[in-house]
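# Residue-level structure breakdown
Here's the letter readout for the chains.
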Amino acid sequence: MSEDVIPRGLPAPLPPGERLIWQGRPSPLGLARRAFHLDLVAAYFALLALVEAVSAGRPAAALPVLGLGAGGLAVLLALAWCAARTTTYSLTDRRLMLRIGIALPITVNLPLREIEAAGLRRFPDGSGEIPLLLKAGTRLAYLHLWPHARPWRLARPEPMLRALPEADEAAARIAAALAAAHGRPVPDWSPAPAPAALPGRLAAAGS
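I will try to describe carefully the structure that is included in this document. If you're wondering where the values come from, they're calculated on a predicted model, not measured in any experiment. (Residues numbered from 1 in each chain as written. Predicted model: local features only at pLDDT ≥ 70, side-chain atom pairs only at ≥ 80, totals over all residues. Heavy atoms only, no water.)

## Quick word on the packing of aromatic side chains
For the coordinates displayed, the defined rule picks out 2 aromatic pairs. Relative to tryptophan 146, the ring of phenylalanine 36 lies with its centre 5.3 Å away and its plane at 70°, an arrangement referred to as edge-to-face. Here phenylalanine 36, found in the loop between helix 1 (28-34) and helix 2 (38-56), pairs with tryptophan 146, found in the loop between helix 4 (142-145) and strand 8 (160-164); they are 110 residues apart in sequence, far enough to count as distant. We classify tryptophan 146 as partly exposed; its relative accessible area is 40%. (Phe/Tyr/Trp six-rings, centres within 6.5 Å; stacked < 30°, edge-to-face > 60°. Helix = DSSP H or I, 4+ residues; strand = E, 2+ residues; numbered from the N terminus. Buried < 20%, exposed > 50% of the residue type's maximum accessible area, 1.4 Å probe, protein only.)

Set out below in structure tokens:
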């Protein structure tokens, strides 16, 4: 790759000798469901509509609530689509980069040697999420990362690659890159249908 060529999703060309291994981005619908809790919001408005209809004794009474709920879901879907379209996860042989941000894009650089461990959480549709545990002393602001952060890890935020359509491939590449960066044997790993620990520096973790 020519040094003056900027790879898609990166703010600048890679330094000489650094090699791009993998890139990916979240699925908009997956991000809406996992990060923006689309399913939970839909269930909430459905319950409100049911209560309103039962209280009023007529189904039509639920229409205003359903309309409000539809508007809220549309907003969440739009936010998730914008977040997914402006996000690129990039893995090189030296670091993992998160290009994130809708209005003000930023690039979070995570040297592989600063990543203590990673995890993989699979979902039934084949997508998954990969949280990254950083070494002690490596601090990132939770709000700067969100929604690309593991939920509820406020004291020690963990960046997370969210709603990846092909999470198994990403996990395998990250496992190999982390093993190489830490001087460990590159693990032999193949996709599994159910959550399972990955050898080397990559271990299963839930959110």
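## Brief notes about the pattern of salt bridges
Going through the model one piece at a time under the given rule, you end up with 8 salt bridges. Across the pair arginine 162 and glutamate 129 runs a salt bridge, and its minimum N-O distance is 3.2 Å. Taken together, the residues arginine 162 in strand 8 and glutamate 129 in strand 7 (residues 128-134) connect sequence positions 33 residues apart. Accessibility expressed as a relative area gives 2% for glutamate 129, which makes it buried. With a shortest N-O distance of 3.2 Å, glutamate 169 and arginine 173 are connected by a salt bridge. Of this pair, glutamate 169 and arginine 173 both sit in helix 5 (residues 167-181), 4 residues apart, which is roughly one turn of the helix. Judged by its relative accessible area of 35%, glutamate 169 falls in the partly exposed class. Where salt bridges share partners, they join Arg150, Arg153 and Glu158 into one cluster. (Salt bridge = Lys/Arg side-chain N within 4 Å of Asp/Glu carboxyl O.)

## Observations regarding the layout of surface pockets
Volume-wise, the largest pocket comes out at about 270 Å³. The wall of the largest pocket is formed by 13 residues, among which Arg34, Ala35, His37, Pro151 and Arg162 lie closest to the centre. Partitioning the lining of the largest pocket into residue classes produces 7 nonpolar, 2 polar and 4 charged. Here the second largest pocket is characterised by a volume of approximately 240 Å³. (1 Å grid on protein atoms, 1.4 Å probe; cavity = no way out; pocket = protein on both sides within 12 Å on 5 of 7 lines; lining within 4 Å. Points joined across faces, edges and corners; volume = space filled by probe spheres on them. Nonpolar A, V, L, I, M, F, W, Y, C, P; charged D, E, K, R; others polar.)

## Focus on the side chain of threonine 88
Secondary-structure assignment places threonine 88 in strand 2 (residues 88-92). Given the relative accessible area of 4%, threonine 88 is considered buried. Not counting residues up to four positions away in its chain, the partners in contact with threonine 88 are Arg8, Gly9, Gln23, Gly24, Arg25, Met97, Leu98 and Arg99. (Contact = heavy atoms within 4.5 Å.)

## Some thoughts on helix 5
The end-to-end C-alpha distance of helix 5, which contains 15 residues, comes to 21 Å, matching closely the 21 Å that a straight helix rising 1.5 Å per residue would cover. Listing the buried residues of helix 5 in full gives Ala167, Asp168, Ala170, Ala171, Ile174, Ala175, Ala177, Leu178, Ala179 and Ala181. In this fold, the buried residues of helix 5 make contact with strand 1 (20-24), strand 2, strand 5 (115-118), strand 6 (121-122), strand 7 and strand 8. Glycine 183, located one to two residues past helix 5, shows a positive phi value of around 70°. (Expected span 1.5 Å × (residues − 1).)

## Here's the deal with the environment of leucine 140
Looking at the element boundaries, leucine 140 is found in the loop between strand 7 and helix 4. The spacing of leucine 140 and glutamate 158 is 18 residues in sequence and 8.1 Å in space, taken between C-alpha atoms. Ignoring anything within four residues of it in the chain, the contact list for leucine 140 reads Val108, Leu110, Leu134, Leu145, Pro157 and Pro159.

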